[in-house]
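# Results of the structural survey
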Amino acid sequence: MNRIILTKTVKNNNTYTVYALMDENGNYKDFQLLPEKDTIINNIYAARVNKILPGINAAFVSIAQNKSCYLSLNDAKNPVYTNKKSKKEGLCEGDEILVQVIKDALKTKDPVVTTKLSIFGSNVILTNFDTQIGVSSKLDKERAALLRKAVLLSCADHEKEGYGIIVRTNAKNVEDKAVSQDAYSVAQKYNQIIKKAPHQALYSCVYHGMSDYLLLMKTIDFATVEWIKTDCDDIYDSLLTEYGIYDHAPEKIMRYDDSAISLSTLYGIRGLIDNLTSRRVWLDCGGNIIIEQLETLTFIDVNSAKNISSGSNSILKTNMEAAKEIARQLRLRNISGMIIIDFINMKSETSKDMLIEALKRYIKDDNTVCTFVDITKLGLVELTRKKVHKSLKQILEKTLDE
């Protein structure tokens, strides 16, 4: 069973919301440090098209005075107009449209927006760029068929209204009726947005996206959660509101209130952050791994270090322990892009095969797509990991820059 901690912590004079996912033994499976500053990701705005640049297949739109955003023309098909200024067909400069923010501003880069709108529910996502009723591929066919039928009952006009529904994996153990009601609710929100679109004032925010920590929790099946602890009133209230449709939600969602020791201190959050920002990670066997994280490339070196045992079995043991810890570090640090691993050299082909098979098993447990690519002629292992969230290093560096 999973356990979740939601709290606040301070690092480098900045306040963050902490999302920590643990197993029943207290081992961390996922960790996210979310800047306390308000994000605009998933917000939908009535925006103005300022420039269209066919040469780079992009447009620049403003969602507020002096707040420009990047819009790929690939993501600008069939926009919802709030005010069509030009008589020409298609997107034109001066047009006012609905856009949704999909990436925050990063250093000198503008926020990224799309006209493909998404509305998040507890167990479903509504999209206006596909009118299909889809179900997560992680659910078995029988369960998927029942959920699809339940959603169709409440969203029979989805094709006519121009939206589709995707049922998420976390609906696996939720009653069909609750999923149907969730789909109906997001459909009503979307229809209200579209209905009011022609009357929206320029730069108005027509939809506020879900909090980052709630979006993270949508990746977890609530039935597999033993408890959720928080010492923050606002988080506690939002959890009860969001998960009120689930059985035993009040018992699982716990308000931690102990003036003697904070929740962050109780679970060693500050120490965990320090460990996850250190270059060196020690292994139980005495070996260690060195993590050098660059912008698009991460190099990991495995060393025997204090492990003074000799022989091929000792080297294999160190490499096997390193493989497990590397997979864990990739998750907890949110490292993405190309990853190069330099394991301790082994002569035995059997040992090499055992190591690679173990590494493949460990990265398979990652909720983010992590792929074994190849072994180079120099014996370096290549992995790739999809970028879903900013890495812990990027988050801390960004707030320092600000």
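The notes below deal with the structure included here.

As a further point, take the sheet that holds strand 18 (residues 288-293). Pairing in this open sheet of 6 strands is mixed, and the strands run 17-18-19-20-22-21 from one edge to the other. Edge positions in the open sheet fall to strand 17 (280-282) and strand 21 (370-375), since each of these has one partner strand only. Across this sheet, the average inter-strand angle for adjacent strands is 20 degrees, counted without regard to direction.

Attention now goes to the packing of aromatic side chains. Enumeration over the complete set of coordinates arrives at 3 aromatic pairs. Where Phe60 meets Tyr70, the ring centres are 5.8 Å apart and the plane angle is 75 degrees; that geometry is what we call edge-to-face. Of this pair, Phe60 sits in strand 5 (residues 58-64) while Tyr70 sits in strand 6 (residues 67-72), placing them 10 residues apart in sequence. With a centroid separation of 5.8 Å and an interplanar angle of 65 degrees, the aromatic rings of Tyr163 and Tyr190 are classed as edge-to-face. One end of the pair, Tyr163, is in the loop between helix 2 (158-161) and strand 13 (164-167); the other, Tyr190, is in helix 3 (residues 176-196), and 27 residues separate them in sequence. The exposure classification of Tyr163 matches that of Tyr190, with both residues buried. One Lys or Arg, Lys116, reaches over the ring of Phe129 and ends 5.6 Å from the middle of that ring.

Here we come to the environment of Pro250. Within the fold, Pro250 resides in helix 6 (residues 249-252). The exposure class of Pro250 is exposed, given its relative accessible area of 59%. Along the chain, Pro250 and Trp227 lie 23 residues apart, while their C-alpha atoms are 9.8 Å from each other.

A separate point is the nonpolar core. Generally speaking, a soluble globular protein has its nonpolar side chains buried in company with each other. Judged by nonpolar contacts, the single largest core of 53 residues is most densely connected at Leu6, Leu98, Ile165, Ile228 and Leu239. No other element matches the 7 residues that helix 3 contributes to this core. Ignoring sequence-local partners within four residues, the contact set of Ile228 consists of Ile4, Leu6, Met217, Phe222, Leu239, Lys252, Ile253 and Met254.

The next thing to look at is the sheet that holds strand 16 (residues 253-255). Strand order across the open sheet formed by 5 strands is 3-2-1-15-16, with mixed pairing between neighbours. With partners counted over all chains shown, the strands left at the sheet margins are strand 3 (28-35) and strand 16, one partner each. Taking each pair of neighbouring strands and ignoring which way they run, the sheet shows an average axis angle of 20 degrees. Relative to strand 3, strand 2 (residues 14-22) is paired through 7 bridges, and the arrangement is antiparallel.

With that settled, consider unusual backbone geometry. Its identity as a non-glycine residue notwithstanding, Asn13 has a phi of 65 degrees, on the positive side. With respect to the secondary-structure elements, Asn13 resides in the loop between strand 1 (2-11) and strand 2. Phi is positive for Asn57, close to 55 degrees, though the residue is something other than glycine. Looking at the secondary structure, you find Asn57 in the loop between strand 4 (44-53) and strand 5. Exposure remark for Asn57: the relative accessible area of 30% places this residue in the partly exposed category.

The next thing to look at is the pattern of salt bridges. This structure, assessed with the given rule, holds 13 salt bridges. The salt bridge involving Glu325 is made with Arg328; its shortest N-O contact spans 3.0 Å. Of this pair, Glu325 and Arg328 both sit in helix 9 (residues 312-333), 3 residues apart, roughly one helical turn.

Let us now look at the side chain of Arg333. Locating Arg333 in the fold gives a position in helix 9. The side chain of Arg333 sits in the buried core without any salt bridge; Glu325 is the nearest counter-charge, 7.2 Å away. Polar side-chain contacts of Arg333 include one of 3.3 Å to the backbone oxygen of Asn275. Of note is the side chain of Arg333, whose polar atom sits 2.8 Å from the backbone oxygen of Ser278.

Cut-offs used in this document
Residues numbered from 1 in each chain as written. Predicted model: local features only at pLDDT ≥ 70, side-chain atom pairs only at ≥ 80, totals over all residues. Heavy atoms only, no water. Pairing = 2+ DSSP bridges. Helix = DSSP H or I, 4+ residues; strand = E, 2+ residues; numbered from the N terminus. Axes fitted to C-alpha atoms, helices over the stretch in contact; angles between N-to-C directions. Phe/Tyr/Trp six-rings, centres within 6.5 Å; stacked < 30°, edge-to-face > 60°. Buried < 20%, exposed > 50% of the residue type's maximum accessible area, 1.4 Å probe, protein only. Lys NZ or Arg CZ within 6 Å of the ring centre and 35° of its normal. Core = buried A, V, L, I, M, F, W, Y, C linked by side-chain atoms within 4.5 Å. Contact = heavy atoms within 4.5 Å. Salt bridge = Lys/Arg side-chain N within 4 Å of Asp/Glu carboxyl O. Lys, Arg positive; Asp, Glu negative; His and termini not counted. Polar contact = N/O pair within 3.5 Å; in protein donor to acceptor, adjacent residues only side chain to side chain.

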